[in-house]
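Understanding the architecture of this molecule
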Amino acid sequence: NLLFDMDIQTQSISDRLSGAPLPRHIAIIMDGNGRWAKQRSLPRSAGHYEGVTSVRRATELCSDTGVGFLTLYAFSTENWNRPQEEVDTLMTLIGMAIERETPDLVRNNVRLRLIGDIERMPADARDRLERCRQATSHCSGLTLSLCLSYSSRWEIAEAARRLARLAADGSISADEIDEEAVEAGLATSGMPAPDLLIRTGGEKRLSNFLLWQAAYAELYFTDTLWPDFGKEALADAMADFQCRERRFGRTSEQVEADTAFQADS
């Protein structure tokens, strides 16, 4: 079960991170389950089962430290090309895990959001996910978004199709299509852009994940495989974020002046 009551480790991490603003939205590419299992001469499914524990730890820490949004890349559109046995195991695991955790998500005010081509998933997993989404829809704490059967190019194409239909029926003109209009059609509509994007497992690429939304995200790559990515590892990434200067196209001097103005206000 999820244990959100702040333990000694979490309290220590919270104290450690208290000196600077935390990311409002953290996105994670959870990579390395298969390699974790291979290193231990275990079937790949064992790595996926162990990865669920890391999801629980990340959700717990984000909830306890006041991060508003946690978005996890759980299953990409490209992952449908994996061996059927592995896909079936993943679908079963995702459905069973989310059903098991639903009561604790509700108890701890965590809202589940589903992002991706969910209709493509098997009916049983889809139904379990939807029941959790409905059960947590009233929650107002951490928003936990699972990206399932998701790719950023799919998402952007879907937004383009929506805008094309609106333009075709005269609801909008071509001149009205701006960045805000595109964002409104994305699966993440209504959520802030990710401040921190983490990838575990040693690879250094975005792999078709939140390409539009991550335009100004701070990127953090680690060799740690996802099943080994515990609270301290996530805290290290958050601490690294706190040391970054986020300029958004401005100069350092402008950022410093703005920070000083806010402090005096």
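Placed above this text is the structure.
The model shown is predicted, which means the values in this text are computed figures rather than measured ones. Going along each chain's sequence as written, the residues are numbered from 1 onward. Only residues with pLDDT of 70 or above have their local features reported here, since the model is predicted, and side-chain atom pairs are shown and tallied only from 80 upward, although totals for entire chains, interfaces and linings are computed over all residues. Heavy atoms throughout the structure, all of them, feed into the side-chain values; hydrogens and water do not.

What follows is about the state of the cysteines. The disulfide criterion used throughout: a pair of cysteine sulfur atoms within 2.5 Å. Scanning the entire structure with this criterion turns up zero disulfides. Here Cys 139 is not disulfide-linked; the sulfur of Cys 132 is the nearest cysteine sulfur, at 8.8 Å. Between Cys 147, a cysteine without a disulfide, and Cys 62, which holds the nearest cysteine sulfur, the sulfur-to-sulfur distance is 14 Å. Among the residues examined, Cys 147 registers a relative accessible area of 0% and is labelled buried. Relative accessibility thresholds used throughout: buried, under 20% of the residue-type maximum; exposed, over 50%; partly exposed, between the two (1.4 Å probe, protein chains only).

Attention shifts here to the pattern of salt bridges. In what follows, salt bridge is the name for a side-chain nitrogen of Lys or Arg lying within 4 Å of a carboxyl oxygen of Asp or Glu. Under the criterion given, the structure shown has 19 salt bridges. A salt bridge links Arg 16 to Glu 232, with the nearest nitrogen and oxygen atoms 3.2 Å apart. Residue Arg 16 is found in helix 1 (residues 8-16), and its partner Glu 232 is found in helix 8 (residues 231-242); the two are separated by 216 residues along the sequence. Asp 104 is the partner of Arg 107 in a salt bridge, and the nearest nitrogen-oxygen pair spans 2.9 Å. Of this pair, Arg 107 and Asp 104 are both found in helix 4 (residues 84-107), three residues apart, which corresponds to roughly one turn of the helix. Through salt bridges with shared partners, a single ionic network connects Glu 99, Asp 124, Arg 128 and Arg 131. Secondary structure is summarised from DSSP: a helix means a run of H or I of at least four residues, a strand means a run of E of at least two, and numbering begins at the N terminus for each.

Turning next to the packing of helix 1 against helix 8. An axis is simply a line fitted to the C-alpha atoms; with a helix, the fit covers only the stretch in contact. Between two such axes, the angle follows the N-to-C directions and lies from 0 to 180 degrees. Contact geometry of helix 1 with helix 8 gives a least axis separation of 11 Å together with a crossing angle of 10°. Considering the angle they form, helix 1 stands roughly parallel to helix 8. Together, Gln 9, Thr 10, Ile 13 and Arg 16 of helix 1 and Lys 231, Glu 232, Ala 235, Asp 236 and Ala 239 of helix 8 make up the contact between the two elements. Put simply, Ala, Val, Leu, Ile, Met, Phe, Trp, Tyr, Cys and Pro go in the nonpolar bin, Asp, Glu, Lys and Arg in the charged bin, and everything else, Gly too, in the polar bin. Considering only residue class, the contact of helix 1 with helix 8 consists of three nonpolar, two polar and four charged. The scheme is simple: roughly parallel for angles under 35 degrees, roughly antiparallel for over 145, roughly perpendicular for 65 to 115, oblique for anything else. Pairs of residues are marked as contacts when any of their non-hydrogen atoms sit within 4.5 Å.

Here the term patch refers to residues with relative accessible area over 30% and no salt bridge, with like charges joined within 9 Å and nonpolar side chains (Val, Leu, Ile, Met, Phe, Trp, Tyr) within 5 Å. Note that accessible areas follow from Shrake-Rupley with a 1.4 Å probe, and for residues the cover is restricted to the protein chains shown. We score Asp and Glu as negative and Lys and Arg as positive, and we do not count His or the chain ends. By convention, the charge on Lys lies at NZ, on Arg at CZ, on Asp at CG and on Glu at CD. Taken together, the side chains of Asp 175, Glu 176, Asp 178, Glu 179, Glu 180 and Glu 183 make up a negatively charged region of the molecular surface. Looking at where Glu 176 falls in the secondary structure, it is placed in the loop between helix 6 (152-168) and helix 7 (179-184).

Before going further, it helps to examine helix 4. Here a helix's expected span is defined as the number of its residues, less one, multiplied by 1.5 Å. Its 24 residues place the ends of helix 4 35 Å apart at the C-alpha level, agreeing with the 34 Å of an ideal helix rising 1.5 Å per residue. The largest bend in helix 4 comes to about 45°, at Glu 101, with the proline Pro 103 one to four residues further on. Just downstream of helix 4 lies Asn 109, where phi reads positive at about 65°. To get the bend at any residue, fit one axis to the seven residues that end at it and another to the seven that begin at it, then take the angle between the two axes.

Another aspect to go through is the sheet that holds strand 2 (residues 69-76). A sheet is described by the order of its strands in space; here six strands give the open sequence 3-4-2-1-5-6, paired in parallel fashion. Strand pairing shows two members of the sheet lacking a second neighbour, strand 3 (111-115) and strand 6 (218-221), which therefore form its edges. For this sheet the average axis-to-axis angle between neighbouring strands, irrespective of direction, equals 20°. This element, helix 4, spans strand 2, strand 3 and strand 4 (143-150) of the sheet and lies at about 150° to strand 2. Strand contacts of helix 8: strand 1 (25-29), strand 5 (196-199) and strand 6, with the helix running at about 140° to strand 5, the strand carrying the most contacts. Here, strands pair whenever DSSP counts at least two bridges between them.

Of all eight residues making up strand 2, seven are buried, and the element is well covered by its neighbours. Two strands pair when backbone bridges link them, and strand 1 and strand 2 are joined in this way by five bridges, in the parallel orientation. Each bridged residue has a counterpart across the sheet, and for Ile 26 the counterpart in strand 2 is Leu 70. Bridge count between strand 2 and strand 4: seven bridges; the pairing is parallel. Note that in strand 4 the partner of Phe 75 across the bridge is Leu 148.

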